[in-house]
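# Geometric and topological summary
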Amino acid sequence: MKYLDLIQSGFKGFISDGYAVFTPVVRELNAQTQNELLAYVEAKLKDASNEMVCAFSNGTRDVYEQVINFTDRNSERVDLPLVIVVDHSNQQIRVYHTTWPMSGAHMPYPEIIPVGYDLQHSQQPEVFALYEKYLAEHDEKILSLFSADMVVKEASGKRYLHGGHERDAFYRAVLSGALPAEFLPTAVTVSNDQTRVAGEYLFGGQGRYVAGVGIWYLSQDGKQIQAVHIHDDADL
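Residues numbered from 1 in each chain as written. Predicted model: local features only at pLDDT ≥ 70, side-chain atom pairs only at ≥ 80, totals over all residues. Heavy atoms only, no water.

### Some thoughts on the sheet that holds strand β12 (residues 225–231)
If you trace the six strands from one edge of the open sheet to the other, you get β8-β7-β12-β11-β10-β9, paired in mixed fashion. The open sheet has two edge strands with one neighbour each: β8 (161–163) and β9 (182–190). Neighbour-to-neighbour, the strand axes of this sheet turn through a mean angle of 20°, independent of strand direction. Examined bridge by bridge, β9 and strand β10 (residues 196–205) share eight bridges and lie antiparallel to one another. Within the sheet, the bridge partner assigned to Glu 182 lies in β10 and is Gly 204. Packed onto the sheet, helix α4 (residues 126–137) meets β7 (146–153), β9, β10, β11 (208–218) and β12 and runs at close to 170° relative to β9. (Pairing = 2+ DSSP bridges. Helix = DSSP H or I, 4+ residues; strand = E, 2+ residues; numbered from the N terminus. Axes fitted to C-alpha atoms, helices over the stretch in contact; angles between N-to-C directions. Contact = heavy atoms within 4.5 Å.)

What follows is the structure in structure tokens.
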């Protein structure tokens with residue numbers, strides 16, 4: 001289930017089965033936008049390779065975290081993290097990534113599913129539920145949920161990887177309101193072993209929101225957060 005293969009095949013097997021496909025570049029896929037997406041990818045992703053990071057499912061939704069490595073407009077090798085969510089309950093494929101590494105601009109991704117669409121509260125690991133609680137309350141207790149080597153990776157990839165004091169400063173800026181936006185959960189998918197969580201969300205404010213997804217990596221005992229990978233195209 002690699003993204004570049006799906007694009008080349010025209011999402012073969014999904015479109016014919018009635019799935020709606022949403023991407024940050026062309027929004028909803030159809031016969032016309034399918035060609036636009038292929039042309040965009042061929043123009044922007046030079047010498048691209050597509051690697052899987054992780055995959056998990058809860059039976060209703062399948063989640064695939066991946067990275068595309070390519071040569072950018074400045075002839076530098078860069079990485080583009082992305083997530084594909086295959087939602088069998090409403091026959092949607094939702095792709096999340098920033099467009100910044102490809103074009104040097106953001107293409108804000110509008111709401112696809114509503115706030116509170118499927119949060120699966122009864123299945124959420126306690127540490128993830130506390131993370132969302134502390135984030136909503138702007139509470140620095142959120143820092144106590146992290147393992148010592150926990151890292152947060154922003155949407156533009158490994159160039160924006162924060163650990164240690166830099167990670168704590170990143171979260172304190174979010175909690176302080178330095179980023180004038182709110183985080184509204186839309187859907188949560190938990191892996192069967194309870195060590196990975198995909199949290200889809202809307203991020204923004206004043207009537208302007210972008211859709212995104214985060215992947216939370218938890219310790220084997222489920223008590224600490226070891227990594228958070230952010231996938232959205234917020235322009236902040």
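### Concerning the pairing of strand β6 (residues 92–96)
The side chains of a regular strand alternate, residue by residue, between the two faces of the sheet. With five of its five residues buried, β6 lies for the most part within the structure. Across three bridges, the pairing between strand β1 (residues 20–23) and β6 is parallel. Note that in β6 the partner of Phe 22 across the bridge is Arg 94. The sheet contact formed by strand β5 (residues 77–87) and β6 spans five bridges and is antiparallel. Within β6, the residue paired with Val 83 across the bridge is Tyr 96. The hairpin turn running from β5 into β6, its antiparallel successor, is four residues long, and Gln 91 in that turn takes a positive phi close to 55°. (Buried < 20%, exposed > 50% of the residue type's maximum accessible area, 1.4 Å probe, protein only.)

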